Amino acid sequence: MGERRYERSGSSASRARSAISKTIIGVGILPVVRSMNGEQPSSTGAPHAYPFLAIVLRQLGYEARMGDVALYEFGPGIWTSEGPIISFFGFRYPTRMAVIRLPNRGLFVWSPVALSTTLKQDVDALGSVRCLVSPSRLHHLYLGEWKSAYPSARLYASPDLRAKRKDLAFDADLGDAPESEWAGEIDQAPVRGSFLTEVVFFHRESGTAIFADLVQNFPPDWFASWRGVLARLDGICAPNPGPPREWRATFFNRGAARASLRAILSWPIERVLMAHGDPVCADGLSFVRRAFGWLL
Ligand SMILES: [Fe+2]
């Protein structure tokens with residue numbers, strides 16, 4: 001979220017203490033995801049590479065050096081990868097990207113994180129990268145890196161991103177209608193009414209709604225001390241997650257925002273994937289409805 005930089009702050013002891021709890025959180029998600037997938041190995045040959053050691057090292061802050069990031073299957077036809085934890089105004093933010101495989105084995109890459117050797121191997125095992133997609137102008141940092149690695153992929157700009165990233169040659173701008181590359185497989189809805197427009201996606205095959213920053217779902221104890229208090233007050237923590245309250249307050253055009261939300265709530269959402277926080281694996285539509293209860 002926002003301008004990112006790697007963070008390795010705090011003492012080794014504090015990082016170790018944090019690692020214990022965060023590793024439990026990290027490992028805890030695996031049974032859920034794998035149970036959801038029936039413990040089936042990837043049908044694509046791409047590995048479910050998410051070893052315990054990698055999780056520990058990531059939580060200790062070594063993700064940028066270990067290159068341990070890899071894909072795991074989130075649902076039918078959709079994979080995700082955890083990026084490094086970044087600092088956003090001093091708040092520790094976990095990051096996440098998504099990869100959707102289209103029927104022609106072309107890959108739709110959403111909000112890509114740093115491209116490690118391992119991640120590239122896993123992506124290449126899935127198919128051919130065709131679409132590099134930024135969901136909002138806050139999620140763009142690694143587009144250039146991925147475009148260099150996959151020069152034939154098309155680059156899609158979120159609203160207002162062209163003006164911000166003049167160094168990138170975008171092929172198209174995201175709008176209300178899905179692009180021909182993913183029409184019929186992935187729906188989309190730009191959420192308007194605020195200073196920042198995020199494009200939310202819905203992957204039909206897996207029933208997954210994909211949010212960047214509009215829905216954040218942190219465990220209540222993810223942030224420590226006063227930051228935890230602020231995060232809970234900000235409405236981005238379980239059990240009542242949603243958009244940050246300062247963002248909610250900027251939706252002055254409620255009519256436009258509600259129209260966007262109606263489009264999202266028309267989707268048969270089963271799962272919810274977000275860039276920051278714990279994914280939701282069941283009854284996603286109810287989750288999204290609760291997250292936007294302030295707007296309904
Ligand atoms: Fe973000």
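Up top is the structure these notes are about.
None of these values were measured; they are calculated from a predicted model.

Novice: Would you explain the overall build of the protein chain in this entry?
Specialist: Looking only at helices and strands, one finds 10 helices and 11 strands in the protein chain. Put simply, the protein chain has 296 residues, and 43% of those count as buried. Of all intrachain contacts in the protein chain linking residues separated by at least 6 positions in sequence, the fraction that spans at least 24 positions is 56%.

Novice: Could you clarify how one ought to interpret the sheet that holds strand β3 (residues 91-101) in this entry?
Specialist: Read from one edge to the other, the open sheet built from 7 strands follows the order β1-β2-β3-β4-β5-β6-β7, with strand pairing classed as mixed. Lying at the two open borders of the sheet, with one neighbouring strand each, are β1 (71-75) and β7 (172-173). Examined bridge by bridge, strand β6 (residues 154-157) and β7 share 2 bridges and lie parallel to one another. Note on β7: the bridge partner recorded for A157 is D173.

Novice: Looking at this model, I keep getting lost on the environment of V129. Mind explaining?
Specialist: Note on placement: V129 falls in strand β5 (residues 128-133). The exposure class of V129 is buried, given the 23 C-beta atoms found within 10 Å. Placed 24 residues apart in sequence, V129 and R105 show a C-alpha to C-alpha distance of 8.6 Å. Excluding anything up to four places from it in sequence, V129 contacts L107, V109, V123, Y150 and A153.

Novice: Would you mind showing me how to read unusual backbone geometry here?
Specialist: Where the residue is not glycine, phi is negative for most of them; where a peptide bond is considered, it is trans in most cases. The omega angle of the peptide bond from A238 to P239 is 10°, so this bond is cis rather than trans. Tracing the backbone shows P239 in the loop between α7 (225-233) and α8 (245-248). For S225, which is not a glycine, the phi torsion comes out positive at approximately 50°. Residue position: S225 is located in helix α7. Under the C-beta neighbour-count criterion, S225 is labelled exposed, with 7 such atoms within 10 Å. A positive phi is found at D283, a non-glycine position, where the angle reads about 50°. Among the structural elements, D283 can be located in the loop between β11 (271-274) and α10 (284-291). According to the C-beta neighbour criterion, D283 is partly exposed, with 13 such atoms within 10 Å.

Novice: So what exactly am I meant to see when it comes to the sheet that holds β11 here?
Specialist: The strands that make up a sheet are held in pairs by hydrogen bonds between backbone atoms, and each pair lies either parallel or antiparallel. Pairing is mixed across the open sheet formed by 4 strands, whose spatial order is β8-β9-β10-β11. Only two strands of the sheet have a single partner each, and these edge strands are β8 (186-191) and β11. On average, each strand axis in the sheet is tilted by 20° relative to the strand beside it, whichever way the strands run. Relative to β11, strand β10 (residues 208-211) runs parallel, the two sharing 4 bridges. Across the sheet, residue A209 finds its bridge partner in β11, namely V272. Packing of helix α9 (residues 254-265) onto the sheet brings it into contact with β8, β9 (198-203) and β10, and relative to β8 it is tilted by some 165°. Along the sheet face, α10 touches β10 and β11 and points at about 55° away from the line of β11.

Parameters at a glance
- Residues numbered from 1 in each chain as written.
- Predicted model: local features only at pLDDT ≥ 70, side-chain atom pairs only at ≥ 80, totals over all residues.
- Helix = DSSP H or I, 4+ residues; strand = E, 2+ residues; numbered from the N terminus.
- Buried ≥ 20, exposed ≤ 12 C-beta atoms within 10 Å, placed from the backbone.
- Contact = placed C-beta atoms within 7 Å.
- Pairing = 2+ DSSP bridges.
- Axes fitted to C-alpha atoms, helices over the stretch in contact; angles between N-to-C directions.

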